[in-house]
Amino acid sequence: MTVARSALAVALATSTAVGHLVYPVALHLAARAKRPPQVEAPQEWPGVTVLVPAYLEQGVIAAKVDNVRKNGYQGELEVLVVADGDPATADAARTAGARVLLLAERGGKSQALNAGVRAATHDLVVISDANSELEYDAIAYLVSALLAPGTGAVAGEKLEGEGGELAYWRFESWIKRNEARLGTTLGLDGGLCAVRREAWEPIPTDISNDDFWVALDVMDRGWSVAYEPRALMTEPSIGSIDLSWERKTRVLGGGLWVMWRKRHLLSPARGLVSAELWGHKLWRSTLGPLSHVALLGLAAGSARRSRTAQVFLAGHAVAAAALVAQEKGRRVPLPGRVAAQVLYLQVVAVGGMRRFLRGDRVLKWDKPAR
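Please read these numbers as outputs of a predicted model, since none were measured by experiment.

Regarding the overall build of the protein chain
Logical step 1: Within the protein chain one finds 12 helices and eight strands.
Logical step 2: In terms of overall dimensions, the protein chain is globule-like: its C-alpha atoms have a radius of gyration of 21 Å, near the 21 Å expected for 370 residues.
Logical step 3: Structurally, the protein chain occupies a C-alpha span of about 70 × 45 × 35 Å along its principal axes.
Logical step 4: Counting over 370 residues, the protein chain shows a buried share of 51%.
Logical step 5: Contacts in the protein chain between residues far apart in sequence, at least 24 positions, make up 76% of those at least 6 positions apart.

Some details on the sheet that holds strand E5 (residues 133–134)
Logical step 1: Strand order in the open sheet made by the eight strands is E3-E2-E1-E4-E7-E6-E8-E5, with mixed pairing throughout. Every interior strand has two partners, whereas the edge strands, strand E3 (99–102) and E5, have only one.

Things to note about unusual backbone geometry
Logical step 1: With phi around 55°, Leu-56 is a residue other than glycine that occupies positive phi space.
Logical step 2: Relative to the helices and strands, Leu-56 is located in the loop between strand E1 (48–54) and helix H2 (61–69).
Logical step 3: Classification of Leu-56 as partly exposed rests on a relative accessible area of 27%.
Logical step 4: We note that Asp-137 has phi near 75°; this positive angle belongs to a residue other than glycine.

Let's talk about the nonpolar core
Logical step 1: In terms of nonpolar packing, the biggest core is built from 40 residues, with Leu-51, Ile-127, Leu-188, Trp-200, Leu-216 and Leu-277 touching the most fellow members.
Logical step 2: Setting aside anything within four residues of it in sequence, one finds Leu-216 in contact with Leu-186, Val-258, Lys-262, Leu-265 and Leu-277.
Logical step 3: Ranked by size, the runner-up nonpolar core spans 34 residues in total, among them Val-52, Ile-139, Leu-146 and Ala-194.

A closer look at the environment of Ser-173
Logical step 1: Inspection of the secondary structure puts Ser-173 in helix H6 (residues 163–182).
Logical step 2: Judged by its relative accessible area of 3%, Ser-173 is buried.
Logical step 3: Once the C-alpha coordinates of Ser-173 and Gly-156 are considered, the two residues, 17 residues apart in sequence, prove to be 9.1 Å apart.
Logical step 4: Setting aside residues up to four positions removed in sequence, Ser-173 forms contacts with Glu-157, Lys-158 and Tyr-227.

Topic: the packing of aromatic side chains
Logical step 1: Scanning the entire structure with this criterion turns up three aromatic pairs.
Logical step 2: Ring geometry for Trp-45 versus Tyr-73: centroids 5.5 Å apart, planes at 75°, classification edge-to-face. You can see Trp-45 sitting in the loop between helix H1 (3–31) and E1 and its partner Tyr-73 sitting in the loop between H2 and strand E2 (77–83), a full 28 residues away along the chain.
Logical step 3: According to the relative accessible area criterion, Trp-45 is buried, its value standing at 18%.
Logical step 4: Note on Tyr-168 and Trp-169: the rings are 5.3 Å apart at their centroids and 70° apart in plane angle, and the pair reads as edge-to-face.
Logical step 5: Among the residues examined, Trp-169 registers a relative accessible area of 11% and is labelled buried.
Logical step 6: The positively charged end of Lys-281 is found above the aromatic ring belonging to Phe-212, 5.0 Å away from the centroid.
Logical step 7: Its guanidinium or amino end placed over the ring of Trp-257, Arg-361 lies 3.7 Å from that ring's centre, counting from NZ or CZ.

A short note on helix H3 (residues 87–95)
Logical step 1: Along H3, the residues that are buried comprise Thr-89, Ala-90, Ala-92 and Ala-93. The arc that holds every buried residue of H3, seen down its axis, measures 165°, which confines them to one face.
Logical step 2: Tucked into the core, H3 has its buried residues touching E1, H2, E2 and E3.
Logical step 3: Where H3 ends, the next residue or the one after it, Gly-97, has phi of about 100°, a positive value.

Section: the pairing of strand E4 (residues 124–128)
Logical step 1: Most of E4 sits inside the fold, with five of its five residues counted as buried.
Logical step 2: Alternating positions in E4 separate into two faces, Leu-124, Val-126 and Ser-128 on one and Val-125 and Ile-127 on the other, with burial throughout.
Logical step 3: As defined by bridge partners, E1 adjoins E4 across four bridges and the pair is classed as parallel. The residue of E4 that forms the bridge with Val-50 is Val-126.
Logical step 4: Where E4 meets strand E7 (residues 192–196), five bridges bridge the pair, whose relative direction is antiparallel. Across the sheet, Leu-124 pairs through a bridge with Arg-196, a residue of E7.

What counts as what
- Residues numbered from 1 in each chain as written.
- Predicted model: local features only at pLDDT ≥ 70, side-chain atom pairs only at ≥ 80, totals over all residues.
- Heavy atoms only, no water.
- Helix = DSSP H or I, 4+ residues; strand = E, 2+ residues; numbered from the N terminus.
- Rg over C-alpha atoms; globule rule 2.2 N^0.38 Å.
- Buried < 20%, exposed > 50% of the residue type's maximum accessible area, 1.4 Å probe, protein only.
- Contact = heavy atoms within 4.5 Å.
- Pairing = 2+ DSSP bridges.
- Core = buried A, V, L, I, M, F, W, Y, C linked by side-chain atoms within 4.5 Å.
- Phe/Tyr/Trp six-rings, centres within 6.5 Å; stacked < 30°, edge-to-face > 60°.
- Lys NZ or Arg CZ within 6 Å of the ring centre and 35° of its normal.
- Arc of directions from axis to C-beta.

In short, shape yes, function no, at least from these values alone.
Written as structure tokens, this is what we have:
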């Protein structure tokens, strides 16, 4: 390679690595001198509403209600299921002993959450998906963290899938833990989180990424978002790569729309929130993947005369082969699974950008009945 091409390759490689390497390392270095927030159980446990938005969840909603009731929370506990235009799920939840709010027609998850928060009996609201399983005491851990002064919302810990997918969620958890040490995290996940009603503003009707919007909206108005790794929930893998592609590109595209709507938070004047948005979300969703594509093109053009380019392209071939092998149900060693997951997420980001640019914001997405 010429000096100019080598410099370009280094610049593109650095840009590609910002979201998955540079930002996490810089974040950890900044956070390691900070003590983790001290969370203590309250002397008296306040009342809590556990809000479960549900659509086509007839087969799992009873188990969800039972899981919440047996979570060990010592205060008053209300289980509120918002059936999003789904009478069958409403009937099953009511039979299981939950309080049920049946919406007349489906409005999508964000609007189901708006209705549920308005209808909640208590001022502390835990939000959880119908197919997620809470580990014992998860509700108590969330409530303890939410009672800290200035905290408007709390993110729980999500574990999903296995292999590369599980490694990704553990990586995300590590990032959230470091962000929270600095004061706030934007890594709220709708599978398990908690919010104060006084910190809640209704989610706009054009927003599909409810959790990301809530995190940014809470921070935008001066509250912090805490992270409580002991509040653990697990979800099964979504399954086939087709279903995964649809969900992940929808989430990435919807996330870009949220950032566009909240673009004033990208200003350096917003301090920590801006840094987390750029490093954790925006660069990883846009500039990083685009740099990766450009780097692949540069490597392809230099492969005949550059051993480095050949190794780079061969690594991508191995990752792609591992991805195909996993989809066919074959066992792949952990390094291969991780490489496949990283490659897949880069491709997903390109798909998410495409959906954002064409205005493909799905508010009521197709989903299999559970």
